[in-house]
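Letter by letter, the chains look like this.
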Amino acid sequence: MIEVIVNDRLGRKIKVKSLSDDFVGDLKRVLSLQLGTPHAKIVLQKGGTVLKDHISLGDYEIHDGTYLELYYL
């Protein structure tokens, strides 16, 4: 179990627990429940790279305590 910290650049930092085998799309669905925003309108970035929904968190080398940036479409 890993904890990912998501910064929405509006002053909120959201902590989400997930597995490294989970996909980015799964993480976006959990975030959408917490934020009340449709998951299709959420874009996650790590170091300027846009994360694709069908790739796992482990493949992007997202570990416990990793910061991701959240943008809205």
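Note on numbering: residues in each chain are counted from 1, in written sequence order. The model is predicted, so local features are restricted to residues of pLDDT at least 70 and side-chain atom pairs to those at 80 or more, both for listing and for counting; the totals for chains, interfaces and linings are taken over all residues. With hydrogens and water set aside, each side-chain value is computed from the structure's full complement of heavy atoms.

1. Brief notes about the overall build of the protein
Turning to step 1, where the next piece is worked out: Put simply, DSSP H or I for four residues or longer makes a helix, DSSP E for two residues or longer makes a strand, and each gets a number counted from the N terminus. What the protein contains, in helices and strands, is 1 helix and 5 strands.
Turning to step 2, where the next piece is worked out: Reading the protein from its N terminus to its C terminus gives the helix and strand order β-β-α-β-β-β.
Turning to step 3, where the next piece is worked out: All radius of gyration figures rest on C-alpha atoms, and the globule criterion is 2.2 Å times the number of residues raised to 0.38. Relative to the compact-globule value of 11 Å for 73 residues, the protein shows a C-alpha radius of gyration of 11 Å, a close match.
Turning to step 4, where the next piece is worked out: For the C-alpha atoms alone, the extent of the protein along its principal axes is close to 25 × 25 × 20 Å.
Turning to step 5, where the next piece is worked out: Partly exposed describes any residue whose relative accessible area lies between the buried limit of under 20% and the exposed limit of over 50%, with all areas from a 1.4 Å probe on protein chains only and scaled to the type maximum. Residue burial in the protein is summarised as follows: out of 73 residues, 38% are buried.

2. Structural notes on the pairing of strand β2 (residues 13–18)
Turning to step 1, where the next piece is worked out: Residues Ile14, Val16 and Ser18 of β2 are buried on one face, while the alternating residues Lys13, Lys15 and Lys17, pointing to the opposite face, are not.
Turning to step 2, where the next piece is worked out: One ladder, built from 6 bridges, connects strand β1 (residues 2–7) with β2; its direction is antiparallel. Opposite isoleucine 5, over in β2, you have lysine 15 as the bridge partner.
Turning to step 3, where the next piece is worked out: Hairpin geometry of β1 and β2 is characterised by an intervening segment of 5 residues between the two adjacent antiparallel strands and by a positive phi of about 65° at arginine 9. The pairing criterion is simple: DSSP has to find at least two bridges between the two strands.

3. Looking at the nonpolar core
As a rule of thumb, soluble globular proteins bury nonpolar side chains together.
Turning to step 1, where the next piece is worked out: Take the buried residues of types Ala, Val, Leu, Ile, Met, Phe, Trp, Tyr and Cys, join any two whose side-chain atoms come within 4.5 Å, and each joined set is a nonpolar core. Counting residues in hydrophobic clusters, the biggest one holds 17 residues, and the most contacted among them are Leu31, Leu44, Ile62 and Leu68.
Turning to step 2, where the next piece is worked out: Mapped by element, the contributors of at least two residues to this core are β1, β2, α1 (24–35), β3 (42–46) and β5 (67–72).
Turning to step 3, where the next piece is worked out: No other element matches the 4 residues that α1 contributes to this core.
Turning to step 4, where the next piece is worked out: Setting aside its immediate chain neighbours within four residues, leucine 68 contacts Val4, Ile5, Val6, Asn7, Leu27, Leu44, Gln45, Lys46, Leu51 and Ile62. Note on contacts: a residue pair is in contact if any heavy atoms of the two residues lie within 4.5 Å.

4. Re the environment of alanine 40
Turning to step 1, where the next piece is worked out: On the secondary structure map, alanine 40 appears in the loop between α1 and β3.
Turning to step 2, where the next piece is worked out: Residue alanine 40 is classed as exposed on the basis of its relative accessible area, which comes to 57%.
Turning to step 3, where the next piece is worked out: Separated by 32 residues in the primary sequence, alanine 40 and tyrosine 72 have C-alpha atoms spaced 9.1 Å apart.

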